[in-house]
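So you can see what is in the structure, the chains are spelled out below.
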Amino acid sequence: KYGKITATASFVPSQIIKNNDLAKIMDTSDEWIKSRTGILERRMVTTEDTSDLCIGVAKKLLSKSNVTANEIDFIIVATMTPDFATPSVACMVQGAICANNALAFDLSAACSGFVYALSVAEKLIQTTAQKGLVIGGEVLSKSLDWQDRTTAVLFGDGAAGVLLEVSDVPMIKKEKLQADGTRGASLTSGYVNNSSPFADPKGQISPYLQMEGREIFDFATRDVVRAIDNLLEEDKDKIDFYLLHQANSRILDKVAKKLKVPRERFLQNMDRYGNTSGASIPLLLDEVVAAGIVRLDGTQNLVFSGFGGGLTWGVMQVTL
Ligand SMILES: O=C(O)C1CCN(c2ccc(-c3cc(CO)ccc3Cl)cn2)CC1
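Here the structure is a predicted model, which is why all the values come from computation and not from measurement.

Some details on the site of the ligand
Then, in step 1: Taken together, 18 residues lie near the ligand, and Arg36, Cys111, Arg250, Ile251 and Asn275 sit nearest.
Then, in step 2: Within the side chain of Arg36, a nitrogen or oxygen atom sits 2.9 Å from an oxygen atom of the ligand.
Then, in step 3: In isolation the ligand has 540 Å² of accessible area, and contact with the protein removes 92% of it.
Then, in step 4: Of all the cavities here, the one that holds the ligand is the largest pocket.
Then, in step 5: Secondary-structure elements contributing two or more residues to the shell around the ligand are helix H2 (30–37), helix H7 (213–232) and helix H8 (249–259).
Then, in step 6: Ranked by residues supplied to the shell around the ligand, first place goes to H7 with four residues.

Structure, rendered in structure tokens:
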């Protein structure tokens, strides 16, 4: 028994924020953002929260397939920006679509979240489950320090996901999920300071996203490249498309070069969405499936690779 992606869907806020919209409120420019990241615009919520975006994805996945909500056995949401610590976004989705037979939990692996979640979901199918939803969803705009131009311009809001159903054909050919907590301080977000009347109010830690950009950039172009190389070995040329976490187009340039793979095999849409962390890979997948570039007919070999906070990184070779 294996998991197979039988549908993809995405749900993004309607508000588009262009680079020049940011240049109006902080000391940055379209030129800087475009040249250093490849980002031209991104979506930002007005009133929606992560649960709203993920519920939108779930509803679309059900309507695109002939699967009913009570047939869903599990819902996993990969997010680093949940509405609440509890209830999980996954539980909020479960309630909203009345998937009353589904277990539901959030998975916290930042930009590796979708790959981690897809791997875990596949294990549920290999043991007991038949059908489930794997969704990556973020409202990063609520985590950003809007006084810090080095991070505020990089991120966007959005959600996307897949319907996974049991199949006799293996989808995941190879996978490797990794973490390095000793480097976790390079990318932090969402710290909640203790405010108990009995606590010692030690130095307050910022609740906003903070990133050592150079460290993370180097991590992406070293550790992640090594992980992809080690996993694929001689399969590199068999891969039709690489769907990497959409953090920065210059990173895709460097990774393609180091892997000696044509750059055009590295699909991208961060130009229109920015870095949407756990949503970035499913958002890209849904777009290229909708465009007919990727087909869910078992004829194409893809690589999914997420990398980011934790630090975490994950590589998966799939045949969709
Ligand atoms: O060119 C410059 O000065 C700067 C240099 C730093 N840059 C970076 C650095 C790191 C990331 C990034 C972030 C995450 C978090 O999801 C994950 C993975 C990555 Cl590789 C994105 N951009 C932007 C342009």
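Here the narrative resumes, following the displayed structure.
A closer look at the sheet that holds strand E6 (residues 131–139)
Then, in step 1: With mixed pairing, the five strands of this open sheet are ordered in space as E1-E7-E6-E4-E5. Each having just a single partner strand, strand E1 (2–11) and strand E5 (103–107) make up the two edges of the open sheet. Sheet twist, expressed as the average angle between the axes of neighbouring strands with direction ignored, equals 20°.
Then, in step 2: Two elements, strand E4 (residues 74–78) and E6, share five bridges in a ladder whose sense is parallel. Residue pairing in the sheet places Val77 in a bridge with Ile135 of E6.
Then, in step 3: Against the sheet, helix H3 (residues 50–64) makes contact with E1, E4, E6 and strand E7 (157–167), and its axis sits at roughly 120° relative to E1, the strand it touches most.
Then, in step 4: The sheet strands contacting helix H5 (residues 113–127) are E1, E4, E5, E6 and E7, and the helix crosses E4 at an angle near 165°.

Looking at the environment of Gly314
Then, in step 1: Tracing the backbone shows Gly314 in strand E13 (residues 312–319).
Then, in step 2: The sequence separation of Gly314 and Glu175 amounts to 139 residues, and the corresponding C-alpha distance is 7.5 Å.

Observations concerning the sheet that holds E13
Then, in step 1: Spatial ordering of the open sheet is given by E8-E13-E12-E11, a layout of four strands whose pairing is mixed. Each edge of the sheet is formed by a strand with only one pairing partner; in this case those strands are strand E8 (172–179) and strand E11 (241–244). In this sheet, adjacent strand axes meet at a mean angle of 10° when their direction is disregarded.
Then, in step 2: Relative to E13, E8 runs antiparallel, the two sharing seven bridges. Among the inter-strand pairings, Ala179 is bridged to a residue of E13, identified as Thr312.
Then, in step 3: Of the strands in this sheet, E8, strand E12 (301–308) and E13 touch H5, which is tilted by about 125° from E8.
Then, in step 4: Relative to E13, H7 is tilted by about 35°, and along the sheet it contacts E8, E11, E12 and E13.

Concerning the packing of aromatic side chains
Then, in step 1: Applying the stated criterion across every chain yields a total of three aromatic pairs.
Then, in step 2: Taking the centre distance of 5.3 Å and the plane angle of 80° together, the rings of Phe219 and Trp313 count as edge-to-face. Of this pair, Phe219 sits in helix H7 while Trp313 sits in strand E13, placing them 94 residues apart in sequence. The same class applies to Phe219 and to Trp313, which are both buried.
Then, in step 3: Ring centres 4.6 Å apart and planes at 5° place the aromatic pair Tyr242 and Phe266 in the stacked group. A residue pair is termed long-range when its members are at least 10 positions apart, and Tyr242 in strand E11 and Phe266 in the loop between H8 and helix H9 (270–273) qualify at 24 residues. As far as burial versus exposure is concerned, Tyr242 and Phe266 are alike and both buried.
Then, in step 4: Its guanidinium or amino end placed over the ring of Phe217, Arg214 lies 5.0 Å from that ring's centre, counting from NZ or CZ.

Comments concerning the nonpolar core
Then, in step 1: Counting residues in each nonpolar core, the largest one holds 40 residues, and the members touching the most others are Ile228, Tyr242, Leu244, Val255, Phe266 and Phe307.
Then, in step 2: Val162, Phe241, Leu243 and Val288 belong to the second largest nonpolar core, which has 34 residues in total.

Considerations on the confidence of the model for the protein
Segments scoring low in pLDDT should not have their predicted coordinates read at a detailed level.
Then, in step 1: The predicted model of the protein averages 97 in pLDDT, with 100% of residues at 70 or higher.
Then, in step 2: The ipTM assigned to the predicted complex is 0.97, against a pTM of 0.98.

Basis of the calculations
- Residues numbered from 1 in each chain as written.
- Predicted model: local features only at pLDDT ≥ 70, side-chain atom pairs only at ≥ 80, totals over all residues.
- Heavy atoms only, no water.
- Near = heavy atom within 4 Å.
- Polar contact = N/O pair within 3.5 Å; in protein donor to acceptor, adjacent residues only side chain to side chain.
- Areas by Shrake-Rupley, 256 points an atom, 1.4 Å probe, with all protein chains shown as cover.
- 1 Å grid on protein atoms, 1.4 Å probe; cavity = no way out; pocket = protein on both sides within 12 Å on 5 of 7 lines; lining within 4 Å.
- Sits in = over half its atoms within 2 Å of the grid points.
- Helix = DSSP H or I, 4+ residues; strand = E, 2+ residues; numbered from the N terminus.
- Pairing = 2+ DSSP bridges.
- Axes fitted to C-alpha atoms, helices over the stretch in contact; angles between N-to-C directions.
- Contact = heavy atoms within 4.5 Å.
- Phe/Tyr/Trp six-rings, centres within 6.5 Å; stacked < 30°, edge-to-face > 60°.
- Buried < 20%, exposed > 50% of the residue type's maximum accessible area, 1.4 Å probe, protein only.
- Lys NZ or Arg CZ within 6 Å of the ring centre and 35° of its normal.
- Core = buried A, V, L, I, M, F, W, Y, C linked by side-chain atoms within 4.5 Å.
- pLDDT = per-residue confidence, 0-100.

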